[in-house]
Amino acid sequence: MALRLAVTAVLAVALVTPLAPAAAAQPAAAPGFERLARDTWRSFTALVAPATGLPADNIGGDLDPSTRSRYTSPTNIGSYLWSAVVAEELGLIGRRELVERTRRTLDSVARLERHADSGQFYNWYDPVTLAKLRTWPEDGTVVHPFLSSVDNAWLATALMVVRNAVPEARTRAGELLEPMRFDFYYDPAARGPDVPAGLMRGGFWDEQPPGCSLPGNYLGIGEDVFYTCHTYGNFASEVRMISYVAISLGQVPPAHYFAPWRTFPDTCDYGWQEQRPNGEFVDYLGVPVFEGHYTYRGLKFVPTWGGDMFEELMPDLFVPEVSWGRNSWARQHSVYVRGQIEHGLRDAGYGYWGFSPASNPAGGYREYGVDAMGLDSLGYTSDQERTSVDPGFAGCRDAQPEPAGYGDGVVTPHAVVLALPYQPRAATTELAKLRRDFDSYGPGGFYDSIAVRSGTVAKRYLALDQGMIMGTLGNLLGDDVLREAFVPGGPQRHLRPVMAMEEFSLPRHQ
């Protein structure tokens, strides 16, 4: 409650008071949080196919139903379900409407084709016909139906939220959740025979695809499938939600929490990673964990894969990471946000910050991030020119010269909103600047991204990105509504104890 009051007070000033004279034809101030939530929810009502209750992946900036994409995913469906819970909590819809919307969506989810042996859902469906996609509707290319572990985790997360927050739909949500087997993705030997916990695969195909795949079946249920050739080996990423869900459902051992790497070890065997980490091995439940950290502009943090905001903060919408991980995530989140601010305002000199995968203002979709804050040596970059850095890996790989400058930086409002709990004044100021300086706000709230030097705006709305905005606002203005709905039961029993064990190699105060 104290955090909610503090953030609301900051918002009341930063989002109502102009920071400077407004540009011509632009409103002088950004909207308040309540208005932002209301407008963001309006985008969801436009995204949803009325007959099925399933949201499209994206819609044009004018919210014209004819601009809805003809595809959706488990993550998009989950985003809509938890956003509806937030909308009712914030008084944007009534209880009857929440129940009606939730039931319609769940009834349609029950009609979607799924992989019978694992209970998992395919990655792409037509939100109107409910058909599994085999042809991409935008260009006619062939789709090889894939079952993504992380996308299914986000849908399962939403079902867990609905089960607790909407008692009228509890039975239906439980019926959909119960068959979902996340241990179908779980490779118990991925860290080797001496480590008592494994890693999650990125997903599988039930028909052999072109390119790399590994035939197998970890549970021995039904026919073999074709797994991705990669496992998810880094922890500070949105894919940790797979682990959170699987542990909470009792499908994998709690020790799995410690199997993904925080950073990879500091030897030349791992010299491909962005920089040489500092840290040491610590044993948790028999799993050797290299508690490493990176340093960027004097800040010590655990890197995400690409250096972006949604990897860092999206799972925190549901799992109270700061209170359950007092010696880990509580030391991490605020510092990570500060690194993004440092990059945007000082290192790259854009004058703006908030980097995360989003619509490309030039068309399509792209990953954006702070290269230096990611494990991937290629990195997600923050500008259209893909300006990258290479600080080297001391003793293994030489550093490269710093870039002479950065180009057209791309920021996304959902990244700034995610930062609100951790840097409220900086985030509210940033939102006000984006509204003041660019044509960045439409009938469904903030448009998806802005190239800040050219002023080009991606005028469309994505269900995932809007879902992150609704989730953050719901927790801030609705007393942690999503966390309170997610954590009862398995998360409290199985996940919270292991989270309490860990200490990141970060200072208590930075």
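Keep in mind that this is a model prediction, so the values were computed, not measured. (Residues numbered from 1 in each chain as written. Predicted model: local features only at pLDDT ≥ 70, side-chain atom pairs only at ≥ 80, totals over all residues. Heavy atoms only, no water.)

**Focus: the overall build of the protein chain**
- Within the protein chain, the regular secondary structure consists of 15 helices and 20 strands.
- For 510 residues, the compact-globule formula gives about 24 Å, and the C-alpha radius of gyration of the protein chain, at 22 Å, lands near that figure.
- Its C-alpha atoms put the protein chain at 65 × 60 × 50 Å along the principal axes.
- Buried residues in the protein chain amount to 61% of all 510 residues.
- Here the contacts in the protein chain between residues at least 6 apart in sequence split such that 68% fall between residues at least 24 apart.
- Approximately 18200 Å² of the protein chain is accessible, and the part contributed by carbon and sulfur atoms is 51%.
- Between the centroid of the 44 positive side chains of the protein chain and the centroid of its 59 negative side chains there is a distance of 6 Å. (Helix = DSSP H or I, 4+ residues; strand = E, 2+ residues; numbered from the N terminus. Rg over C-alpha atoms; globule rule 2.2 N^0.38 Å. Buried < 20%, exposed > 50% of the residue type's maximum accessible area, 1.4 Å probe, protein only. Contact = heavy atoms within 4.5 Å. Areas by Shrake-Rupley, 256 points an atom, 1.4 Å probe, with all protein chains shown as cover. Lys, Arg positive; Asp, Glu negative; His and termini not counted. Charge placed at Lys NZ, Arg CZ, Asp CG, Glu CD.)

**Regarding the packing of helix α5 (residues 149-165) against helix α7 (residues 240-248)**
- Two elements in contact, α5 and α7, have axes whose closest approach is 8 Å; the angle formed by their N-to-C orientations is 55 degrees. One way to sum up the angle between α5 and α7 is to call them oblique. The crossing of α5 and α7 is left-handed. Here Ser149, Val150, Ala153, Trp154, Ala156, Thr157 and Met160 of α5 come into contact with α7, specifically with Met241, Ile242, Val245 and Ser248.
- Within the contact of α5 with α7, the residues separate by chemical class into eight nonpolar, three polar and no charged. (Axes fitted to C-alpha atoms, helices over the stretch in contact; angles between N-to-C directions. Parallel < 35°, antiparallel > 145°, perpendicular 65-115°, else oblique. Left-handed = near helix turned anticlockwise from the far one by under 90°. Nonpolar A, V, L, I, M, F, W, Y, C, P; charged D, E, K, R; others polar.)

**Quick look at the pairing of strand β10 (residues 278-284)**
- As judged from the seven bridges shared by β10 and strand β11 (residues 287-296), these two strands associate in the antiparallel manner. Bridging across to β11, Tyr284 finds its partner in Val287.
- What sits between the antiparallel neighbours β10 and β11 is a turn of two residues, in which Leu285 has the positive phi angle 55 degrees. (Pairing = 2+ DSSP bridges.)

**Description of the state of the cysteines**
- Going through the model one piece at a time under the given rule, you end up with two disulfides.
- Put simply, Cys212 and Cys229 are joined by a disulfide, and their sulfur atoms are 1.8 Å apart. The sign of the -100 degrees torsion about the S-S bond sets the Cys212-Cys229 disulfide as left-handed. Placement of the pair is Cys212 in the loop between β7 (203-205) and β8 (214-216) and Cys229 in the loop between β9 (225-227) and α7, with a sequence separation of 17 residues.
- With a sulfur-sulfur separation of 1.8 Å, Cys268 is cross-linked through a disulfide to Cys396. With the S-S dihedral at roughly -80 degrees, the linkage between Cys268 and Cys396 falls on the left-handed side. (Disulfide = S-S within 2.5 Å.)

**Describing the sheet that holds strand β15 (residues 410-411)**
- Spatial ordering of the open sheet is given by β15-β18-β19, a layout of three strands whose pairing is antiparallel. Each edge of the sheet is formed by a strand with only one pairing partner; in this case those strands are β15 and β19 (456-458).
- Pairing analysis gives two bridges linking β15 to strand β18 (residues 449-451), with the strands arranged antiparallel. Within β18, the residue paired with Val410 across the bridge is Ala451.

**Considering the packing of aromatic side chains**
- Summed over all chains, the structure comprises 36 aromatic pairs.
- A cation over a ring is seen here: Arg262 above Tyr257, with NZ or CZ 5.4 Å from the ring centre.
- Sitting above the plane of the Tyr352 ring, Lys433 keeps its charged end 4.9 Å from the centroid. (Phe/Tyr/Trp six-rings, centres within 6.5 Å; stacked < 30°, edge-to-face > 60°. Lys NZ or Arg CZ within 6 Å of the ring centre and 35° of its normal.)

**Let's talk about the sheet that holds β7**
- An order of β4-β7-β9-β8 is seen for the four strands of this open sheet, with the pairing classed as antiparallel. The open sheet is flanked by β4 (146-148) and β8, the only strands paired with a single partner. Here the average twist between neighbouring strands, direction ignored, is 35 degrees.
- Along the sheet face, α5 touches β4 and β7 and points at about 60 degrees away from the line of β4.

**Overview of the nonpolar core**
- In this structure, Phe182, Tyr244, Tyr257, Met309, Phe318, Trp353 and Leu495 are the most contacted members of the largest nonpolar core, which totals 145 residues.
- A per-element tally of this core places α5 first, with eleven residues.
- Residues within four places of Leu495 in sequence aside, it is in contact with Tyr244, Ile247, Ser248, Tyr257, Val319, Trp324 and Gly490. (Core = buried A, V, L, I, M, F, W, Y, C linked by side-chain atoms within 4.5 Å.)

**Structural notes on the pairing of β11**
- Counted residue by residue, β11 has eight buried out of ten residues, so it is predominantly covered.
- Note that β11 and strand β12 (residues 299-301) share three bridges and pair antiparallel. Its bridge partner lying in β12, Tyr296 is registered against Leu299.

**With respect to the pattern of salt bridges**
- Tallying each qualifying case throughout the model produces 22 salt bridges.
- One salt bridge in this structure joins Arg35 and Asp39, with 3.2 Å as the shortest N-O distance. Residue Arg35 and its partner Asp39 are both found in helix α2 (residues 33-47); the two are separated by four residues, about one turn of the helix.
- What makes Arg35 partly exposed here is its relative accessible area of 36%.
- Given a relative accessible area of 4%, Asp39 falls into the buried group.
- Measuring nitrogen to oxygen at the nearest pair gives 2.8 Å for the salt bridge that ties Glu342 to Arg297. Remark: Arg297 occurs in the loop between β11 and β12 and Glu342 occurs in helix α10 (residues 329-347); sequence separation between them is 45 residues. (Salt bridge = Lys/Arg side-chain N within 4 Å of Asp/Glu carboxyl O.)

**Topic: unusual backbone geometry**
- Positive phi outside glycine occurs at Leu130, with the angle close to 70 degrees.
- Even without a glycine there, the phi angle at Arg386 is positive, about 60 degrees.
- Position of Arg386 relative to the elements: it lies in the loop between β14 (365-366) and β15.

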